[in-house]
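Structural overview
Residue-level listing of the chains:
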Amino acid sequence: MQFYATGATAARQKTACAIVGIHEPATMTAAARELDRAAGGAIGRVLRRGDFRGKAGEVLPIMGARGPAERILLAGLGARKGYGRKAYRRAVVAVTQWLAKGGAGNAVSYLAAEAVPGLEPYYAARQALESVESALYRIPDLKSGRKPPRPKLARFGIAVAKADLEAARRGIRHGRGIAAGMALTRDLANLPANVCTPTYLAGRARQLAREHKGVRARALDVRAIRRLKMGSFLSVTRGSDEPPRLIVLEYRGGRRGAAPVALVGKGVTFDTGGISLKQPPGMDEMKFDMSGAASVFGAVKALATMGAAVNVVGVVPACENMPSGRATKPGDIVRSMAGKTIEVLNTDAEGRLILCDAISYARRYRPRAVVDIATLTGACVIALGSHYCGLFSPDETLAAALAAAGERADDRAWRMPVAEEYAELLKSNFADMANVAGREAGAITAACFLWKFTDGLRWAHLDIAGAAYLTGSQKGSTGRPVPLLVDWLIHRD
Ligand code: BES
Ligand code: MN
Ligand code: ZN
């Protein structure tokens, strides 16, 4: 799909489909008025007949009107009062869903030709692009029937005021990167666990490095992981016949020698719970337990695609969590790379066990910040549902920067506490700490477990258990939090 910014007005631009906004109740935006004149009053007639009131998220096509547009697509923006980025985004999504089903090979959107309150032109363009690409995303499924025809839409213009052209072009460039990153994240996370193994992920990391100069990939095997003394990571993979990998992705787009940001992604390619076996209903969704890892791949892909001037190192511990005669048992004590001993009271709390060693490994890059991303706890889903990720950090500045990036990128995270009172719940009589506390504050105690491995680091943790994928009839990866991560990374310099 090709995107471009244009300063041309609706009356002039020839297109297979012109998209103009209508506010409730049936009030034309400036672009709609202009196109209406060029189209011999076709829009006004539709509105007067009461066929379209402009409700946010609704669309109505007008076919066969005069003028420069073969089709006119009216997009509802809701009432002018209270109009903003939310209604804008809803309109863009509705528009692309319509376009994806139709016959138009190209389209121009005038929805950002007028200022959207609270949304800079840069973000208006970027979000249009992200929305269009994600509406067009198809799961690489293994259905054997005929595939539905590919959408015809190949070129999409984003009209903006002439003064905003440059900002819109930047938005398009960044949006393209983010969309490519999200698509990679979704592809990886949507794959079944019998395909997407740790070995497979390592191969995809190498592929990423081949596709983008500036990206390097390495994958350590079980012997190398043993040499690193990652006893905690290894305790999770013990029950599985599938060999683990420690995958390292480096993207160098910034100054040589400038300290990188480390992104650490949970890569449990399937989480059965281990000996603390999970219940059968919904267990298939534990193929998504490598969504944190997938978002690290996606963020690196995005940065490399847009050529961002940052240095990032992705660290992905990848393994399966399986029960077997060799599996770690409740009560087993393991020694982490950092030297701390851990009593594994529940083998289903495995994410923190692989992440703590990966965080220790990230230290060798002397990172200026470490952010881990993990489908870590069901408790986070109970607390926040799917709209916000959980954001944990003892560092005020880092927490604020990540939360702000989430707001800007429309990929939100809500801060939760990290505090000694919660960390104390992880006391053990037999080891330095236990891997679980009680039922209370499960998302927080999980974060506090990781916190104990971050001495001297600027660290934040994103619990994406609710945000990373949808369930039910919409089941599938969302590609989050790639927009948040990338926005934060490109905003910092
Ligand atoms: N991968 C799960 C967390 C999860 C649960 C993600 C539901 C998405 C949806 C994690 O490894 C896990 O099993 N966590 C346990 C921790 C508990 C044993 C302290 C949980 O949340 O139940
Ligand atoms: Mn688990
Ligand atoms: Zn898990």
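As the structure is a prediction and not an experimental result, all values here were calculated from the model. (Residues numbered from 1 in each chain as written. Chains lettered and ligands numbered in written order. Predicted model: local features only at pLDDT ≥ 70, side-chain atom pairs only at ≥ 80, totals over all residues. Heavy atoms only, no water.)

Examining the coordination of the manganese ion (ligand 2)
Note the following rule: Water is absent from the atoms considered, so a metal site may look incomplete; donors are defined as N, O and S atoms within 2.8 Å of the metal, or 3.2 Å for Na, K and Ca. Metal sites are grouped by the angles between bound donors: all angles between 85 and 135 degrees with four donors is tetrahedral, opposite donors over 155 degrees apart with the others between 65 and 115 is square planar for four donors and octahedral for six, and any other pattern is irregular. Think of it in three bands: residues with accessible area under 20% of the maximum for their type are buried, residues over 50% are exposed, and the middle band is partly exposed, with areas taken using a 1.4 Å probe on protein chains only.
Protein coordination at the manganese ion (ligand 2) comes from Asp271 (OD), Asp348 (O), Asp348 (OD) and Glu350 (OE), with a distance range of 2.1 to 2.2 Å. What the 6 donor atoms of the manganese ion (ligand 2) show is an angle range of 72 to 169° at the metal, which sorts the shape as irregular. In terms of primary sequence, the donors binding the manganese ion (ligand 2) are separated according to D-x76-D-x1-E. Here the manganese ion (ligand 2) and the zinc ion (ligand 3) are spaced 3.2 Å apart, linked through Asp271, which binds each one. Looking at Asp348, the relative accessible area reads 22%, which means it is partly exposed.

As for the domain arrangement of the chain
Note the threshold: Boundary definitions for the domains trace back to an automatic or database domain assignment. What makes two residues a contact is simply this: any of their non-hydrogen atoms within 4.5 Å. Buried area adds together the accessible area that both of two parts lose upon being put together, with accessible area traced by a 1.4 Å probe.
Taken domain by domain, the chain holds domain 1 (2-154) and domain 2 (179-490). The distance between the C-alpha centroids of domain 1 and domain 2 comes to 38 Å. Contacts between the two partners involve 13 residues from domain 1, matched on the other side by 14 residues from domain 2. At the boundary of domain 1 with domain 2, total buried surface from both sides reaches about 1,200 Å², with 49% on carbon and sulfur atoms. A per-residue breakdown of the area domain 1 buries against domain 2 is headed by Arg85, Tyr123 and Tyr137, which together make up 39% of the total.

As for the side chain of Ser131
This is how it is decided: For the purposes of this entry, the term helix denotes a DSSP run of H or I that reaches at least four residues, the term strand denotes a run of E that reaches at least two, and both are numbered from the N terminus. In the analysis that follows, any N or O atom pair within 3.5 Å is treated as a polar contact, provided that within protein one partner can donate a hydrogen and the other can accept it, and provided that, for residues neighboring in sequence, both atoms belong to side chains.
When you line up the elements, Ser131 lands in helix H4 (residues 121-136). For Ser131, a relative accessible area of 2% puts it in the buried group. Side-chain polar atoms of Ser131 contact the backbone oxygen of Gln127, separated by 2.8 Å.

Quick word on the pattern of salt bridges
This is how it is decided: We define a salt bridge as a side-chain nitrogen of Lys or Arg found within 4 Å of a carboxyl oxygen belonging to Asp or Glu.
Under the defined criterion, the tally for this structure stands at 24 salt bridges. Ionic pairing is found between Glu70 and Arg71, a salt bridge with its closest N-O pair at 3.6 Å. By relative accessible area, Glu70 is classed as exposed at 54%. The salt bridge involving Arg252 is made with Glu250; its shortest N-O contact spans 3.4 Å.

Some details on the sheet that holds strand E14 (residues 341-344)
Heads up, the condition is: For two strands to be treated as a pair, DSSP must find at least two bridges joining them.
Taken in spatial order, the 3 strands make up an open sheet running E13-E14-E18, and their pairing is mixed. At either margin of the open sheet sits one strand with a lone partner, and together these are strand E13 (332-335) and strand E18 (433-434). Relative to E18, E14 runs parallel, the two sharing 2 bridges. The partner of Glu343 across the bridge, within E18, is Ala434.

Some points on the site of ligand 1
Stated formally: One heavy atom within 4 Å of a molecule or strand is enough for the residue carrying it to be called near that molecule or strand. Surface exposure here means Shrake-Rupley accessible area, sampled with a 1.4 Å probe, where a residue is shielded only by the protein chains that are shown.
The local shell around ligand 1 holds 16 residues, among which Lys278, Asp289, Asp348, Glu350 and Gly378 are the closest. At 2.8 Å from an oxygen atom of ligand 1 is found a side-chain nitrogen or oxygen belonging to Glu350. A distance of 3.3 Å is found between a nitrogen atom of ligand 1 and a backbone nitrogen or oxygen belonging to Thr375. Taken by itself ligand 1 offers 510 Å² of open surface, and the protein chains cover 77% of this.

As for the packing of aromatic side chains
In this description, an aromatic ring pair is defined by two values, namely the gap between the centres and the angle between the planes. Short version of the rule: Two rings belonging to Phe, Tyr or Trp (six-membered ring only in the last case) form a pair when the distance between their centres is within 6.5 Å. Interplanar angles under 30 degrees mark stacking, angles over 60 mark edge-to-face geometry, and anything in between is tilted.
Summed over the entire model, instances satisfying the criterion amount to 6 aromatic pairs. Ring plane angle 80° and centroid distance 4.7 Å describe the contact between Tyr122 and Tyr123, whose orientation is recorded as edge-to-face. Classification of Tyr122 by relative accessible area gives buried; the value is 7%. Among the residues examined, Tyr123 registers a relative accessible area of 6% and is labelled buried. Seen from their ring centres, Phe449 and Phe453 are 5.4 Å apart, and the 40° between their planes marks the pair as tilted.

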